[in-house]
Amino acid sequence: MNFSLWLRTAVAFLVVNRRTTFILCFLISVAIGTLVFIISLANGISDIMITNSTGMYSGQISGGNLPSRISPEDLKKPFVTAVLQRFRLPATLIRQDRERPLDLVAIYPDQEKAHSFFYKKVIAGRFLLKGQKEILLNLETAERIGSQPGDTIIGQIGDHQYELKVAGIFQTGVDSLDRALAFCPVFEGLILPETWQAAIFLKAGTDLSSAMREFSRSGLKMDGLKPWTQSMPDLTQLLELNDICVNILVFIVLGVVSLGCAGSFAIFVVSRIKEYGVLRAMGVTGLETGILICLQVVLMNVIASAVGVLAGMLAVWSVGRAGIDLSVWTSHNRYFAATALIFPRLSIGAAGIPPAVLLGFCFIAAAWPVWLVASQKTCDIISKG
Amino acid sequence: MIQLKNLSKIYARGKAAVTVLSDVSFSVKNGNLALILGKSGSGKTTLLNCIGGLDLPQKGSVNCFGIRVDKLSGRKRNNFRRKQLGFVFQSGNLITSLSARRNIEFPLILNKYASAQIQDRVAFLLNRLDLEDVADAMPSSLSRGQAQRVAFARGVAHGPGLLLADEPTASLDTRTGLELIRLMHALSKEEKITMIVATHDKEIIPFADLILHLSDGRIKGENE
Ligand SMILES: Nc1ncnc2c1ncn2[C@@H]1O[C@H](COP(=O)(O)OP(=O)(O)OP(=O)(O)O)[C@@H](O)[C@H]1O
Ligand SMILES: [Mg+2]
């Protein structure tokens, strides 16, 4: 097969019809560029949702019931920024005649403050101070037992009773935190349980599954370690949904664009059908004619895709410097609890999916004009003049 | 030698069958120019299509240089056209997105000639058909006469045994048409290319070795 001949002829065709080629290319590029940007934006939104959800309290990887022979230092791999140690103590809070059972979590306040942004969610009073005998109540519990910052309440843990000063009241918007947890610093005299909880924060860009693999390889028996994808199935689903929506958008937009492209080429081919008849008369096979038309369509789409991807990348880069602030729309949304400043993030998918889908579609788009030529007898085409 | 025997072509028009060619027989010697004269609708184009394998007859045989064109498979017919045949139609012959030169090159590349050979051949034809000035012009900027000369150059570029021309002069004025025929005649004699020309242009008659009068799909007369 004389591939270079068909390639050259297809290029010549696009060059000679440059005005139409340009308009079609422009349309396709805009569509591709927009999609690259939208996917990058969706990446950015996913990123911020993950950051908000994991950064609030649990870290990207959370460990439950870790035995005390494992220390936080053991978990501090090179890709880890912080391991927050927490102790969960089933407790009953007592104030006057009111009681409330809940889990009291003993934490190291200065470490929490340095790595999670749970401390920002204090709505009355203040966050805990290192080593103090005090407590941070969730709003619901505070209301139930009728307590204010400054009050003193009793925390009963097992057989022990501790007098705790209410330092503040928090509300995060995350049910699991807001309902049944209260916090206190690890203070002298507090009897800690055998096991502890870990919130592991990873360095930006660390791949979650490879981090998990690293942990399981390290030999420590830590069945309790869970990545956020497991510990927050709601978030995982939401992100998947987000992905699906974007992909549907990609398919619809490119489907419409390809339909336009197919239509334009069908018109091209019909208006020049005699040329294809002449080619057939010269001994060009039906297959070769099909290749020629396909090449025209594909070539144009490839060029337009390249331009579109570049344009999309440029848009991502220019918007990415300042970010897009969505806080007006997300103030009541827990997935944006700490920040709603979105930085579009380019990924292989963002730059690769739209052109790949378009390439698939443009072969389908080429099928129509190819069929228009293939479905007619050469002598009939020629007699159309 | 081109030899047709009892060629018949019937088209279905609605429910009725229309006989467009019936029992057409003739032969053309290699290197000769045969003229098919006939009114509009007499079946000239259909006859050429059957010879060139663009259409298949219901009956009879077409023998080109020992090849039964009507018996070839689709792929072989295609190959036969590519190597052995040239076409010139009344108009709209050229690939509009290719320059005159690229149009002429086309069958040479299609037949995988070496690039040096292609250059020589194209240069020769451009010179011979007085097309050097417009070699790189696009078809849309060629005059009709020039366009038909390019079409002829392309038709004979790859040295086919047979050139089929369907009213090549119909789109031209008398003088330009005559000039074209003169060039076609001279070159085909030189290169021993057999030509079958369908026309109702009487000006061509003096160039013909054989004249076939086609009327209602039948050969009504034959003069050498
Ligand atoms: N595909 C077809 N289906 C039905 N009838 C056809 C078909 N092609 C040609 N015909 C008929 O066959 C007859 C001969 O047509 P043809 O084109 O061969 O004539 P022609 O001599 O070339 O005419 P012209 O000088 O106008 O080109 C005409 O009556 C035409 O209507
Ligand atoms: Mg005709």
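Residues numbered from 1 in each chain as written. Chains lettered and ligands numbered in written order. Predicted model: local features only at pLDDT ≥ 70, side-chain atom pairs only at ≥ 80, totals over all residues. Heavy atoms only, no water.

Caption draft 1: Layout of the overall build of chain A. Secondary structure assignment for chain A yields 13 helices and twelve strands. A globule of 385 residues ought to have a C-alpha radius of gyration of about 21 Å, yet chain A, at 31 Å, is considerably larger. Principal-axis analysis of the C-alpha atoms places the extent of chain A at approximately 100 × 45 × 30 Å. For chain A, the residues scored as buried account for 50% of the 385 residues in total. (Helix = DSSP H or I, 4+ residues; strand = E, 2+ residues; numbered from the N terminus. Rg over C-alpha atoms; globule rule 2.2 N^0.38 Å. Buried < 20%, exposed > 50% of the residue type's maximum accessible area, 1.4 Å probe, protein only.)

Caption draft 2: Spotlight on the packing of aromatic side chains. All names here are of chain A. This structure, assessed with the given rule, holds 16 aromatic pairs over all chains. Ring plane angle 35 degrees and centroid distance 6.4 Å describe the contact between Phe13 and Phe265, whose orientation is recorded as tilted. With a gap of 252 residues between them, Phe13 in helix H1 (residues 3-16) and Phe265 in helix H8 (residues 233-271) connect regions that are remote in the sequence. On the basis of relative accessible area, Phe13 is assigned to the buried category, the value being 4%. A relative accessible area of 0% places Phe265 in the buried class. Taken together, a centroid distance of 5.1 Å and an interplanar angle of 75 degrees make the contact between Phe13 and Phe268 edge-to-face. Pair noted here: Phe13 is in helix H1 and Phe268 is in helix H8, with a separation of 255 residues, a long-range link. (Phe/Tyr/Trp six-rings, centres within 6.5 Å; stacked < 30°, edge-to-face > 60°.)

Caption draft 3: Quick peek at the interface of chain A and chain B. Every contact between the two is made by 25 residues of chain A and, on the other side, 25 residues of chain B. If you look at where chain A meets chain B, you find three salt bridges. One salt bridge connects B:Arg82 with A:Glu288, and the closest N-O pair in it is separated by 2.4 Å. Taken together, the links from chain A to chain B amount to nine residue pairs in polar contact (both at pLDDT 80 or more). Among the elements of the structure, H1, helix H9 (273-281) and helix H13 (378-383) of chain A are those that each provide at least two residues to the side of chain A that touches chain B. The element best represented in the side of chain A that touches chain B is H1(A), accounting for seven residues. (Contact = heavy atoms within 4.5 Å. Salt bridge = Lys/Arg side-chain N within 4 Å of Asp/Glu carboxyl O. Polar contact = N/O pair within 3.5 Å; in protein donor to acceptor, adjacent residues only side chain to side chain.)

Caption draft 4: Seen up close, the site of ligand 1. Residues and elements named next belong to chain B. Close to ligand 1 lie 13 residues; Ser40, Gly41, Lys44, Thr45 and Thr46 are nearest. Between ligand 1 and the protein, one listed contact pairs an oxygen atom with a side-chain N or O atom of Arg13 at 3.0 Å. Between ligand 1 and Lys44, the relevant distance is 2.8 Å, taken from an oxygen atom to a side-chain nitrogen or oxygen of the residue. Relative to its unbound accessible area of 630 Å², ligand 1 is 67% covered by the protein chains. Secondary-structure elements contributing two or more residues to the shell around ligand 1 are strand E1 (2-13) and helix H1 (44-52). It is H1 that contributes the most residues to the shell around ligand 1, three residues altogether. (Near = heavy atom within 4 Å. Areas by Shrake-Rupley, 256 points an atom, 1.4 Å probe, with all protein chains shown as cover.)

Caption draft 5: How the structure looks around the domain arrangement of chain A. Residue and element names in this part refer to chain A. Considered domain by domain, chain A is made up of domain 1 (3-54 + 235-384) and domain 2 (61-205). Spacing between the C-alpha centres of domain 1 and domain 2 amounts to 52 Å. Each partner contributes residues to the interface: domain 1 has six residues there, and domain 2 has five residues. Of the roughly 440 Å² buried at the junction of domain 1 and domain 2 (both faces included), carbon and sulfur atoms supply 65%. Linking domain 1 with domain 2 are zero salt bridges, by the criterion used here. Taken together, the residues of the side of domain 1 that touches domain 2 sort by class into two nonpolar, three polar and one charged. (Domains from an automatic or database assignment. Buried area = accessible area lost by both parts, 1.4 Å probe. Nonpolar A, V, L, I, M, F, W, Y, C, P; charged D, E, K, R; others polar.)

Caption draft 6: Structural context of unusual backbone geometry. All names here are of chain B. Here Asn6, not a glycine, exhibits a phi torsion of approximately 45 degrees, which is positive. By the element assignment, Asn6 lies in strand E1. Note on Asn6: relative accessible area 42%, which makes it partly exposed. One non-glycine residue, Asp130, lies in the positive phi region at around 60 degrees. Mapped onto the fold, Asp130 is located in the loop between helix H4 (115-128) and helix H5 (144-157).

Caption draft 7: A look at the packing of H5(B) against helix H6 (residues 174-190) of chain B. Residues and elements named next belong to chain B. Packing of H5 against H6 brings their axes to within 10 Å, and their N-to-C directions diverge by 15 degrees. Between H5 and H6, the crossing angle belongs to the class labelled roughly parallel. Two packed elements cross with a definite hand, and for H5 against H6 that hand is right-handed. Mapping the contact onto sequence places Gly145, Gln148, Arg149, Phe152 and Val156 in H5 and Thr176, Glu179, Leu180, Leu183, Met184 and Leu187 in H6. Looking at the contact of H5 with H6 residue by residue, the class counts come to six nonpolar, three polar and two charged. (Axes fitted to C-alpha atoms, helices over the stretch in contact; angles between N-to-C directions. Parallel < 35°, antiparallel > 145°, perpendicular 65-115°, else oblique. Left-handed = near helix turned anticlockwise from the far one by under 90°.)

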